[in-house]
Amino acid sequence: MTEAQAREEISRITHELERHNRLYYVDAAPEITDREFDDLYRSLVTLETQFPALKSPNSPTQRVGGEPISGFAPVEHPARMMSLDNTYSEQELVEFYERLRKLLGISDIPVVIEPKIDGVAVSVIYENRELIRAATRGDGQTGDDITRNARTIRRLPLRLPADAPAGRFELRGEIFLPTAGFAKINKEREEEGEPLFMNPRNAAAGSLKQLDPRITARRPLDIIFYGIGLAADLELREQIELQDFFKKCRLPSGDKVWLASNLDQTLAAIRELDVLRHSLPYVTDGAVIKVNSLAAQAELGATSKAPRWAIAYKFEPEQAETRILSIDVQVGRTGALTPVANLEPVLISGSTVARATLHNQKEISERDIRVNDVVIIEKAGEIIPAVVKVLKEKRVGDLPVFVMPPECPICGSPVEKRGKLIKLFCPNPYCSAKIKRRVLHYASRGAMAIDGLGEQIVEQLVEADLVKTLPDLYRLELASLLKLDNFGDDKSSALLNEISKSKGSDIARFLFALGVPRVGATLARKLISHYGSVRKLGEASEPELMSIPGVKKVIAKGILDFFASPENQAMLAELETLGLPVNAEKAESAPADSTKAVLAGTTWVITGTLSQPREAFNDRILAAGGKVSSSISAATTYLLAGEKAGSKLAKANSLGVKVIDEAAFEEMLGVG
Ligand code: IVH
């Protein structure tokens with residue numbers, strides 16, 4: 001291939017990849033499979049290796065990170081990046097509005113109201129429709145050049161569409177971690193015994209400050225644009241016009257913004273956002289109110305720190321005061337010990353909270369948390385409640401300091417420290433706490449979906465020594481079940497029947513059920529579609545595993561360790577003999593076309609608590625030909641609503657969008 005041909009081919013593949021990237025991450029409507037995407041991606045890597053001079057800094061291959069950097073260069077902002085003044089009550093907001101009235105000499109001032117996203121402010125510059133720089137705020141004049149890290153954000157366009165303006169312009173936005181991504185990262189860190197991030201903002205800031213862009217690439221960061229910096233040629237007249245501008249340029253923008261023409265409408269919008277924010281995919285601690293007319297913005301100007309034309313309105317934090325009644329130490333599936341506080345139950349934003357994680361000994365010691373202390377707990381988004389503060393002034397008497405036990409509270413084995421990890425682990429593979437967690441995971445709805453194998457029954461089976469390993473489940477006999485409390489003929493046979501039925505399970509579900517560290521339902525499906533069987537996955541090498549997008553080193557290592565363990569090998573051999581799909585190959589023609597078409601032409605929104613992570617439903621809807629969207633509109637066909645569905649449910653009802661629950665969903669897909 002000549003260099004000219006290579007240039008053309010690289011340009012073609014680049015456009016294809018960016019288009020598929022957008023279809024996947026922005027429109028949630030992929031047109032090709034992961035496998036096809038990987039093949040295309042690899043062909044680009046090959047060409048770039050052959051013709052290194054043709055590799056663009058905005059190549060899709062840069063989305064995974066590339067070589068580490070030595071530091072962040074300071075860069076000057078084309079226009080000062082300001083912060084915002086805060087208000088904490090409607091009264092203060094009314095005062096802000098009064099000031100605008102006086103300064104502008106009009107009584108009704110159109111303003112835009114947007115969610116205030118809790119992340120890291122960025123300035124992003126495009127020129128000739130190419131992303132050329134992303135920088136943090138720094139001191140407002142000078143920030144850090146974080147372009148390499150920003151390029152890894154999948155929803156940030158590296159190139160703008162052909163009808164976007166070609167000049168140089170600067171945009172402002174927020175890089176953040178969606179609540180689900182934050183919870184996922186912290187769960188992984190918890191399992192690995194690494195220190196947890198306090199909140200999504202710290203996690204986003206920490207992710208952007210990585211000198212190794214490959215680490216940033218693995219954090220599910222996202223970006224939303226909300227403003228312009230230096231943008232002389234854009235010919236905009238109103239703040240609200242930015243929304244259309246962003247859409248036209250395919251730049252991610254806020255899910256919901258309001259244009260209010262007077263004070264009453266402004267207050268109404270803020271109250272609406274206060275309800276809606278609980279169902280947004282990111283943490284919002286407030287609203288930002290901006291004067292709509294850009295001419296009026298210029299007229300109002302700024303103080304030394306903040307513009308006079310905008311203000312932040314902070315919502316009441318979701319906190320509550322309560323008392324720690326006791327501290328339990330839980331043992332997880334991996335053996336990690338986690339201290340959990342039992343609280344005097346309190347109500348936080350509509351739900352009762354009776355437990356809060358204390359993470360680890362270090363956290364407890366640093367905050368000096370003791371049993372009987374009065375504490376402030378906080379619940380952000382869907383995140384597990386956490387103790388944010390001990391009210392030391394309310395401590396009565398001499399409370400004993402809490403120390404983690406030297407032995408596993410369940411099996412009594414001496415606990416272990418692992419490497420540099422803060423967490424303690426129970427090393428006993430047969431610790432009943434671990435067995436219970438493992439079996440519960442195996443039987444859970446997203447895994448083997450064994451009906452009737454719930455918490456209490458697993459407890460009985462493990463306590464009675466009937467189940468010590470997963471294969472033991474398939475060796476249960478009617479006679480031994482009948483000896484257990486509350487086990488009659490019907491219940492026992494039904495359970496045996498359900499367990500036996502699980503032998504016919506889907507291979508990807510089976511892999512997920514095995515509990516390979518860090519292999520969730522979605523990755524399990526990806527791995528099976530790549531390798532075809534559990535056995536073949538077990539034979540994969542580290543570099544091979546890591547060539548699969550989304551498989552980072554710790555994941556690859558987790559998989560390798562899992563299959564290298566003699567206990568797990570023995571378990572797989574037993575499961576194979578018992579008729580489970582260890583060697584079974586996935587059928588080649590993935591979902592048959594008839595299954596594929598089931599949801600064709602439908603658009604879905606997912607909300608509330610479901611039996612599996614949302615992505616799992618997302619994937620299944622896409623696989624069946626449907627589309628998934630994050631917000632409800634008249635174009636939505638179905639709302640899949642789990643428990644505690646909030647404002648989306650209300651909106652669906654008001655728009656007449658059909659609401660279905662998980663059972664109905666399974667039925668539609670022919671699984672129910
Ligand atoms: S406008 C000069 N809009 O909040 C006006 N800021 O506390 C600059 N933020 O530095 C900001 N969401 O990092 C604006 N919709 C939004 C925002 C937003 C989050 C952040 C931004 C800013 C900080 C000020």
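In this text, all values refer to a predicted model and were calculated from it rather than measured experimentally. All residue numbers here refer to positions counted from 1 along the written sequence of the relevant chain. In view of the model being predicted, local features appear only for residues whose pLDDT reaches at least 70, and side-chain atom pairs are presented and counted only at 80 or more, with totals across whole chains, interfaces and linings using the full set of residues. To obtain the side-chain values, all non-hydrogen atoms of the structure were included, while hydrogens and water were left out.

Colleague: Looking at this structure, how should I read the pattern of salt bridges?
Modeller: A pair can form between side chains of opposite charge whenever their charged atoms are brought close. Here, a salt bridge means any Lys or Arg side-chain nitrogen found within 4 Å of an Asp or Glu carboxyl oxygen. According to the stated counting rule, one finds 38 salt bridges in the structure shown. In this structure, Asp212 and Arg214 form a salt bridge, with 3.1 Å as the shortest nitrogen-oxygen distance. Of the residues examined, Asp212 reaches a relative accessible area of 18% and is grouped as buried. With a closest N to O distance of 2.8 Å, Lys436 and Glu463 form a salt bridge. Throughout, exposure labels follow a simple rule: accessible area from a 1.4 Å probe, protein chains only, divided by the maximum for the residue type, with under 20% read as buried, over 50% as exposed, and the rest as partly exposed.

Colleague: Even after reading the chapter, I still don't get helix H16 (residues 489–501), so can you show me in this structure?
Modeller: Since the α-helix advances by 3.6 residues per turn, residues separated by three or four positions end up pointing in the same direction. Compared with the 18 Å implied by 1.5 Å per residue over 13 residues, the 18 Å span of H16 between its first and last C-alpha is a close match. Among the residues making up H16, those that are buried are Ser492, Leu495, Glu498 and Ile499. What you see down the axis of H16 is that its buried residues fit within an arc of 130 degrees, all on one side. Every exposed residue of H16 that faces more than 90 degrees away from the buried side is listed here: Asp490 and Lys501. For this analysis, residues touch if any pair of their heavy atoms sits within 4.5 Å. Only DSSP runs of H or I with at least four residues qualify as helices, and only runs of E with at least two residues qualify as strands; both kinds are numbered from the N terminus onward. Where H16 is buried, its residues meet helix H13 (455–463), helix H14 (470–473) and helix H15 (478–482). By definition here, a helix of n residues has an expected span of 1.5 Å times n minus one. Arc definition: directions from the helix axis to the C-beta atoms.

Colleague: Just to check I follow, could you spell out the site of the ligand for this structure?
Modeller: Every one of the 13 residues lining the ligand counts as a neighbour, but Glu114, Ile117, Arg137, Glu174 and Lys290 are closest to it. One of the backbone nitrogen or oxygen atoms of Ile117 is found 3.0 Å away from a nitrogen atom of the ligand. Counted as a polar contact is a pair of N or O atoms within 3.5 Å, where, for protein atoms, one must be capable of donating a hydrogen and the other of accepting one, and residues adjacent in sequence contribute only when both atoms are in side chains. Contact between the ligand and Arg137: an oxygen atom at 2.6 Å from a side-chain N or O atom of the residue. Under the convention used here, a 1.4 Å probe and the Shrake-Rupley method define accessible areas, while residue burial counts only the protein chains that appear. Relative to its free-state accessible area of 520 Å², the ligand is covered by the protein chains to the extent of 88%. For each structure, a 1 Å grid was placed over the protein atoms alone; sets of points admitting a 1.4 Å probe that cannot get out are labelled cavities, open sets with protein on both sides within 12 Å along at least five of seven lines are labelled pockets, and lining residues have an atom within 4 Å of a point. Just a note on the criterion: a molecule sits in a pocket or cavity if more than half of its atoms are within 2 Å of the grid points. Taken atom by atom, the bulk of the ligand overlaps the second largest pocket. Considering each element in turn, the shell around the ligand owes the most residues, 4 residues, to strand E3 (residues 111–117). In terms of residue class, the shell around the ligand is built from 8 nonpolar, no polar and 5 charged. Here a residue is near a molecule or strand as soon as one of its heavy atoms is found within 4 Å of it. In this count, Pro and Cys sit with the nonpolar residues alongside Ala, Val, Leu, Ile, Met, Phe, Trp and Tyr, while Asp, Glu, Lys and Arg are called charged and the others, Gly among them, polar.

Colleague: What should I look at first to understand the packing of helix H3 (residues 90–104) against helix H9 (residues 263–276) in this one?
Modeller: How two helices pack is summed up by the angle between their axes together with the distance between the axes. Here an axis means a line fitted to C-alpha atoms, over the contact stretch when the element is a helix, while the angle between two N-to-C directions is reported on a 0 to 180 degree scale. Two elements in contact, H3 and H9, have axes separated by 11 Å at closest approach and are oriented at 145 degrees. Every pair of crossing elements has a handedness; the one defined by H3 and H9 is right-handed. Residue-level inspection shows Glu90, Leu93, Val94, Tyr97 and Arg101 of H3 in contact with H9, the latter providing Leu263, Thr266, Leu267, Ile270 and Arg271. With the far helix as reference, a near helix turned anticlockwise by less than a right angle produces a left-handed crossing, and one turned clockwise produces a right-handed crossing.

Colleague: Can you help me understand the nonpolar core in this one?
Modeller: Core analysis: the largest hydrophobic core is formed by 55 residues, its most contacted members being Tyr442, Leu453 and Leu514. What Leu514 contacts, discounting residues up to four positions off in sequence, is Leu470, Val534, Phe562, Met571, Leu572 and Leu575. The definition of a nonpolar core used throughout is a set of buried Ala, Val, Leu, Ile, Met, Phe, Trp, Tyr and Cys residues joined through side-chain atoms within 4.5 Å. Formed by 35 residues, the second largest nonpolar core is a distinct cluster that contains Val122, Ala164, Phe169 and Phe182.

Colleague: I'm lost on helix H2 (residues 34–50) in this one. Help?
Modeller: Across its 17 residues, H2 extends 24 Å between first and last C-alpha, which sits within 8% of the 24 Å expected from 1.5 Å per residue. Close packing links the buried residues of H2 with helix H1 (3–25).

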